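Examining the three-dimensional arrangement
Residues per chain are reported as follows:
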Amino acid sequence: MATDYTEHTESNGKHPRTARGLKTKRKLLDAAALEFGEKGFHEASITGITQRAGTALGSFYTYFDSKDELFSALVKDMSARVKTHAAGAMTEWQNALEREKLALEAFMNFAREHKEIYRIIDESEFVDPDSYRLHYEETASRIYERLQEGSAAGDFRGPLEEAHAWAIMGMNVFLGLRYGIWSEEKSAVEIAEIANGILARGIVSDR
C-alpha cells in the first residue's frame, strides 16, 4: 500500500510524497500558527492543532513526532514565507534604495496578515534557540547581500558591513511590531517611506 510520506525525517518533519500529503501537512502548519499564536507554545496542544486543521490526531504523527518538532518546523516555515513574500514584491525596482522600500512594505503587509509571527518567533528564542538564531541570521544575510549589490551598482556607498544589515533588520522588525502588530494607524507604504528616508538622508540637520 502506498504511503504519502517518506520514511526519513527532515528538519521540517516527515516529508510528504503526494499532493494530498502536502495539503495535509500545510493544514497542520497553518493550524499550528493559529494555535501557537493565540495560546503560546506551552498552552497549545496537539489536539487543538488537529481540530483547527480538521485532521485526525493520527495524521499529526504521520508528519511530526512531537509538538516541539512541529514548532521548529513552523518557525522555519514562517521564515521561508517571509522570504518568499518579500522576494515576490521586489520584482521591479529602479535602484537599491527602492528595493529596500519594497522589502519593508512586503514585510509590513505580511506581519499584518499574520500577526502571530511575532509571538511565534519570540517564543522560539526559548523553545528552539537554533531556529530563532537562524531566522535572524538568514534575514540579515539577505539584507547584507542586497546592500553589497547596491554598493556595487553605485546606489549605496561602500564598503558596507554586516552590521549595517543587522541595523536595518532591527529597524524593520520594530517598525513591524509597532505599526503592524500593535496598531495599523499608518499604511505600510507610509512606514516604508519613513524608513527609506532614514536610509537615504539620515536624521542629521543640514545646518
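Just so we're clear, the structure is a prediction, and the values are computed from it rather than from any experiment. (Residues numbered from 1 in each chain as written. Predicted model: local features only at pLDDT ≥ 70, side-chain atom pairs only at ≥ 80, totals over all residues. Heavy atoms only, no water.)

Description of the overall build of the protein chain
In terms of regular secondary structure, the protein chain is built from nine helices and two strands. Order of helices (α) and strands (β) in the protein chain, N terminus to C terminus: β-β-α-α-α-α-α-α-α-α-α. Expressed along its principal axes, the backbone C-alpha trace of the protein chain runs to roughly 70 × 35 × 30 Å. Buried residues in the protein chain amount to 46% of all 207 residues. The long-range fraction of contacts in the protein chain, counting pairs at least 24 apart against all pairs at least 6 apart in sequence, stands at 64%. A distance of 3 Å separates the average location of the 26 positive side-chain charges in the protein chain from that of its 34 negative side-chain charges. (Helix = DSSP H or I, 4+ residues; strand = E, 2+ residues; numbered from the N terminus. Buried < 20%, exposed > 50% of the residue type's maximum accessible area, 1.4 Å probe, protein only. Contact = heavy atoms within 4.5 Å. Lys, Arg positive; Asp, Glu negative; His and termini not counted. Charge placed at Lys NZ, Arg CZ, Asp CG, Glu CD.)

A look at the side chain of Ser124
Tracing the backbone shows Ser124 in helix H6 (residues 116-127). When its relative accessible area of 0% is taken as the criterion, Ser124 is described as buried. Setting aside anything within four residues of it in sequence, one finds Ser124 in contact with Phe71, Val75, Pro129 and Tyr132.

What to know about the confidence of the model for the protein chain
Across the protein chain, the average pLDDT comes to 92, with 93% of residues at or above 70. In the model, residues 1-11 has pLDDT below 50 throughout and makes 24 contacts with residues more than four positions away in sequence or in other chains. (pLDDT = per-residue confidence, 0-100.)

Considering unusual backbone geometry
For the peptide bond that leads from Gly158 to Pro159, omega is 0 degrees, which places it in the cis range. For Pro159, the location among the structural elements is in the loop between helix H7 (129-152) and helix H8 (162-182).

What to know about the packing of aromatic side chains
This structure, assessed with the given rule, holds seven aromatic pairs. A ring pair is formed by Tyr132 and Tyr136, whose centres lie 5.3 Å apart and whose planes are at 75 degrees; its orientation type is edge-to-face. Of the two residues, Tyr132 and Tyr136 both sit in helix H7, four residues apart, roughly one turn of that helix. A relative accessible area of 22% means that Tyr132 is categorised as partly exposed. Taken together, Phe36, Phe41 and Phe71 form an aromatic cluster joined through their ring pairs. The ring of Phe41 is capped by Lys67, whose NZ or CZ atom sits 4.5 Å from the centre of that ring. Between Arg178 and the ring centre of Tyr179, over which it is positioned, the NZ or CZ distance is 4.4 Å. (Phe/Tyr/Trp six-rings, centres within 6.5 Å; stacked < 30°, edge-to-face > 60°. Lys NZ or Arg CZ within 6 Å of the ring centre and 35° of its normal.)

Thoughts on helix H5 (residues 96-113)
An ideal rise of 1.5 Å per residue puts 26 Å on 18 residues; H5 measures up with 26 Å between its terminal C-alpha atoms. The buried fraction of H5 amounts to 14 of the 18 residues, a majority that puts the element mostly inside the structure. Taking the backbone nitrogen of Leu97 as reference, a side-chain oxygen 3.1 Å away marks Asn95 as the first, capping residue of H5. (Expected span 1.5 Å × (residues − 1). Polar contact = N/O pair within 3.5 Å; in protein donor to acceptor, adjacent residues only side chain to side chain.)

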